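# A look at the structure
The chain contents come next:
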Amino acid sequence: MLHLADPHLAPGQRKKERFVHSLLDLEPDLIIATGDNLGHQDAIPHLARMLEPFRGIPTLSVFGSNDYYGPVLKNPFTYLLPKRPHTKRERDLDEVALRALLMDDLGWVDLTNRAEIIQAGGLRIRALGVDDPHIKVDRLPQALAALDEVSQDAEWDLTLGLVHSPYQRILDPYVAEVGVDAIFAGHTHGGQVCLPGGRAIVANCDLPVEQAGGLSAWDAGGRSAPLQVSRGLGTSIYAPVRLFCPPEATLLRLLPKER
């Protein structure tokens, strides 16, 4: 499974496009895409070019806030505040064109408050997702109802949960109620500007900072599931800085459970 998150793609980022193209050599059976694809209002043609080599590979997708809202200049020190100021904005990215590219053209599976069962790598994979909790458009009851519907008279080998921003109000029920086998998220950029050793200072959500990047475990309701939080491929064009936290894509391999 190839996990892609937070490209924040903008025109002229050919190095990023070439890196993503090189990931095709990994021959993934499944792609997990956890949002924030766009970093500029004119990015969709460039995103189409970046993703074209992966056409035909099963892909599960949820959106992040930067699939709806373009980047704006802001004070980076606000990320250190316990409660950040919020300014209401109109959506200014072409969500319709983005969905047409990803779902209609490339065939990605849209898990925006939805659930599906797909075939990939010889497995039947049950997956659910929510829209971005960071901007409070997640509708978990809707996703759970969809999960119940697709699960009727069906069989599956494993269950995956997707979310862009790994807020605990989503992680907890994914583990305690659904019993997912793994959770995939992005959003945090791994902290983006970190202490030596990649130690995050902020997670930009209520996730503990020590889990802001990489693979860890999430415990809830007496259950536990792997939590994979991508450090992401990009940054806002207004904050193109990373420290002790390089961009990444992640390849994960599934192994049978020990019995």
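Residues numbered from 1 in each chain as written. Predicted model: local features only at pLDDT ≥ 70, side-chain atom pairs only at ≥ 80, totals over all residues. Heavy atoms only, no water.

## Looking at the nonpolar core
- Counting 30 residues, the largest nonpolar core has L128, Y174, V180, I183 and L207 as the members making the most contacts within it.
- For this core, the secondary structure elements donating two or more residues are α4 (140-151), α5 (168-178), β8 (182-185), β9 (214-220) and β10 (223-229).
- In contact with L128, not counting residues within four places along its chain, are L111, R114, A115, A143, L144, L147, L160, G161, L162, Y174, V178 and V180. (Core = buried A, V, L, I, M, F, W, Y, C linked by side-chain atoms within 4.5 Å. Buried < 20%, exposed > 50% of the residue type's maximum accessible area, 1.4 Å probe, protein only. Helix = DSSP H or I, 4+ residues; strand = E, 2+ residues; numbered from the N terminus. Contact = heavy atoms within 4.5 Å.)

## So, the sheet that holds β8
- Reading across from one edge, β5-β6-β7-β8-β10-β9 is the order of the 6 strands in this open sheet, with mixed pairing throughout. Single-partner strands in this sheet number two, and they are β5 (114-120) and β9. Adjacent strand axes in the sheet meet at a mean angle of 25° when their direction is disregarded.
- Two strands pair when backbone bridges link them, and strand β6 (residues 123-129) and strand β7 (residues 158-162) are joined in this way by 5 bridges, in the parallel orientation. Along β7, the bridge assignment pairs G129 with L162.
- Against the sheet, α4 touches β5 and β6, its axis set at about 45° to β5.
- The strands touched by α5 are β6, β7, β8, β9 and β10; relative to β9, the strand with the most contacts, the crossing angle is about 65°. (Pairing = 2+ DSSP bridges. Axes fitted to C-alpha atoms, helices over the stretch in contact; angles between N-to-C directions.)

## Some thoughts on the packing of aromatic side chains
- Scanning the model with the defined rule gives 1 aromatic pair in all.
- Measuring from ring centre to ring centre gives 5.8 Å for F63 and Y68, while their planes differ by 65°; the resulting arrangement is edge-to-face. Each member of the pair, F63 together with Y68, is buried.
- Looking at R91, its charged tip hangs above the ring of Y68, at a distance of 4.0 Å from the centre. (Phe/Tyr/Trp six-rings, centres within 6.5 Å; stacked < 30°, edge-to-face > 60°. Lys NZ or Arg CZ within 6 Å of the ring centre and 35° of its normal.)

## What about α5?
- Taken together, the buried positions of α5 are I170, L171, P173, Y174, V175 and V178.
- Packing partners of the buried residues in α5 comprise β6, α4, β7, β8, β9 and β10.
- Looking one or two places after α5, you find G179, whose phi comes out positive at around 75°.

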